[in-house]
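# Summary of structural features
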Amino acid sequence: MKHSGDDSQSVRDTLGRPVRDLRISVMDTCNYRCPYCMPADKFDENYQFLRPHERLSFDEIVMVAEAFAAHGVNKLRLTGGEPLLRKNLPELVRRLASIEGIEDIALTTNGLLLEKQLPALIEAGLQRVTISLDSLDAEQYRRLSGNRGELAVVLGAVEQAVSSSLKAVKINCVVQRGVNEDQIIPLLQRFRHTPVVVRFIEYMDVGNKNDWQPGQVLSAADILDRIQRHWPVQALKPNYRGEVAARYAYTDGAGEIGFITSISQPFCGDCSRARLSADGRVYTCLFSEHGHDVRPLLRADIPVEERRTQLQHIIADIWRQRSDRYSEKRDALRKQRDKKIEMYVIGG
Ligand code: SAM
Ligand code: SF4
Ligand code: SF4
């Protein structure tokens, strides 16, 4: 049997890129209000999130994941909004893990609700977890979560994840100049000599609600420079083509660090990621203005086999037509695109 990641079987976009990685937003709402993602003044109690019937059911999510797997996707990541707000998530993980060709299932979460759910998620087939953590200062952490987060609870979840059977535990820290740049060294200090990989993400101009300005970005080179003043590190080779993070290791063997350099060193050339929103739109770029709505087909009154076949064709067409490389053309495109999809809709 051919493996789904086999190149001969994969569909390619207009720039020759295959599709390998599907990020599934299972929930559009969130228990946090991080100012760079869901600022509390814009996402207040009157904000109209999706109604339950507007979100894809597990059957529908699985059908989309199967269609992508048939075209070469072997990695899935569950995200949101906050994915742990979705009821019965382990059931979805179990079903996704049994799709032919899927080799890896990961979760990105703010971690607040992780502790209780982690054992069932692992038992269902979850292999990796990324926990977002922008500060180790309890007060600052709370502020950066829109006054909703509990640092101690999230750190407890990180500990639990480390001592579990997960293959990998990562921390995502979005660095904003003048906001949490003082947290770079404390975060590394805390997780050196542990299996946890801290990844610093350049603050990105995703969506239109966070009033992003270039001056708020601290580049990976600047971050690296600060790290080198404390501990020498050396670059590592990517684990595989299309890996998002640039990897470094401490030369004293204390572990690994990652950088996501969407602003300073775009990596569109190898981008093999597709994204599915909670209401069934397929996005081929984090900075897209429009998604392809596959929900009408998923709910069409036709036999399930026909739906499955049509969906596979549509997914292949969407990918074949893809030409996105926003980050490489950011300077030219940024002012033109004023209706970019928001981060909480597609989950990073
Ligand atoms: N709620 C979950 C969480 O926070 O981990 C999953 C969804 S969240 C949108 C996914 C990731 O996107 C988080 O690590 C978050 O810090 C990151 N993120 C959100 N807005 C961002 C931005 N403007 N630039 C860079 N990263 C961002
Ligand atoms: Fe919620 Fe994650 Fe966005 Fe923060 S970054 S508001 S935790 S979805
Ligand atoms: Fe991929 Fe779009 Fe990001 Fe480029 S800007 S790496 S095409 S998601």
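Here we summarise the structure given alongside this text.

Inspection of the region around ligand 3 gives F267, C268, C271, R273, R275, C285, L286, F287, R322, D324, Y326 and S327 as its neighbouring residues. For the shell around ligand 3, the class distribution of residues is seven nonpolar, one polar and four charged.

Attention now moves to the nonpolar core. I24, L96, L133, F200 and I227 are the most contacted members of the largest nonpolar core, which has 110 residues in total. Broken down by element, the residue count for this core peaks at nine residues, all from helix α1 (residues 58-70).

The next subject is the site of ligand 1. Close to ligand 1 lie 18 residues; Y36, G81, T109, S132 and M204 are nearest. Take Y36: an N or O atom from its side chain is 2.8 Å from an oxygen atom of ligand 1. In the model, an oxygen atom of ligand 1 is placed 3.3 Å from a nitrogen or oxygen of the N172 side chain. Starting from 550 Å² of accessible surface for ligand 1 in isolation, the protein chains cover 94%. Every element with two or more residues in the shell around ligand 1 is listed here: β2 (75-80), β3 (104-109), β5 (168-175) and β6 (197-202). Of the residues that constitute the shell around ligand 1, the class distribution is six nonpolar, ten polar and two charged.

Here we come to empty space enclosed by the protein. In total, this model carries one cavity of 30 Å³ or more according to the counting rule given. By volume, the largest cavity amounts to about 40 Å³. Elements supplying a minimum of two residues to the lining of the largest cavity: α6 (184-191) and β9 (256-260). Each residue belonging to the lining of the largest cavity can be placed in one class, and the counts come to six nonpolar, no polar and two charged.

Along the chain, the position of S10 falls in the segment before β1 (21-27). On the accessibility criterion, S10 (10% relative accessible area) is buried. There is a polar contact of 3.3 Å between the side chain of S10 and the side chain of R20.

The final tally for this structure, using the stated rule, is twelve aromatic pairs. With a centroid separation of 6.1 Å and 35° between ring planes, the pair formed by F200 and F259 is classed as tilted. With F200 in strand β6 and F259 in strand β9, the pair connects residues that are 59 residues apart, well separated along the chain. As far as the burial class goes, F200 and F259 line up, both buried. In this structure an aromatic cluster arises from ring pairing among F43, Y47, F49 and Y344. Looking at R192, its charged tip hangs above the ring of Y250, at a distance of 4.6 Å from the centre. Above the ring of F287, the side-chain terminus of R330 is found at 5.2 Å from the ring centroid.

It is worth spelling out helix α7 (residues 220-228) at this point. Since the α-helix packs 3.6 residues into each turn, any two residues three or four apart lie on the same face. Three or more residues of α7 are buried, namely A220, I223, L224 and I227. Considered in projection along α7, the buried side chains sweep an arc of 100° and stay on one side of the axis. Buried residues along α7 sit in contact with β5, α6, β6, β7 (233-235), β8 (246-250) and β9.

How each quantity is defined
- Residues numbered from 1 in each chain as written.
- Chains lettered and ligands numbered in written order.
- Predicted model: local features only at pLDDT ≥ 70, side-chain atom pairs only at ≥ 80, totals over all residues.
- Heavy atoms only, no water.
- Near = heavy atom within 4 Å.
- Nonpolar A, V, L, I, M, F, W, Y, C, P; charged D, E, K, R; others polar.
- Core = buried A, V, L, I, M, F, W, Y, C linked by side-chain atoms within 4.5 Å.
- Buried < 20%, exposed > 50% of the residue type's maximum accessible area, 1.4 Å probe, protein only.
- Helix = DSSP H or I, 4+ residues; strand = E, 2+ residues; numbered from the N terminus.
- Polar contact = N/O pair within 3.5 Å; in protein donor to acceptor, adjacent residues only side chain to side chain.
- Areas by Shrake-Rupley, 256 points an atom, 1.4 Å probe, with all protein chains shown as cover.
- 1 Å grid on protein atoms, 1.4 Å probe; cavity = no way out; pocket = protein on both sides within 12 Å on 5 of 7 lines; lining within 4 Å.
- Points joined across faces, edges and corners; volume = space filled by probe spheres on them.
- Phe/Tyr/Trp six-rings, centres within 6.5 Å; stacked < 30°, edge-to-face > 60°.
- Lys NZ or Arg CZ within 6 Å of the ring centre and 35° of its normal.
- Arc of directions from axis to C-beta.
- Contact = heavy atoms within 4.5 Å.

Note that all results are geometric; they support no functional claim without further evidence.
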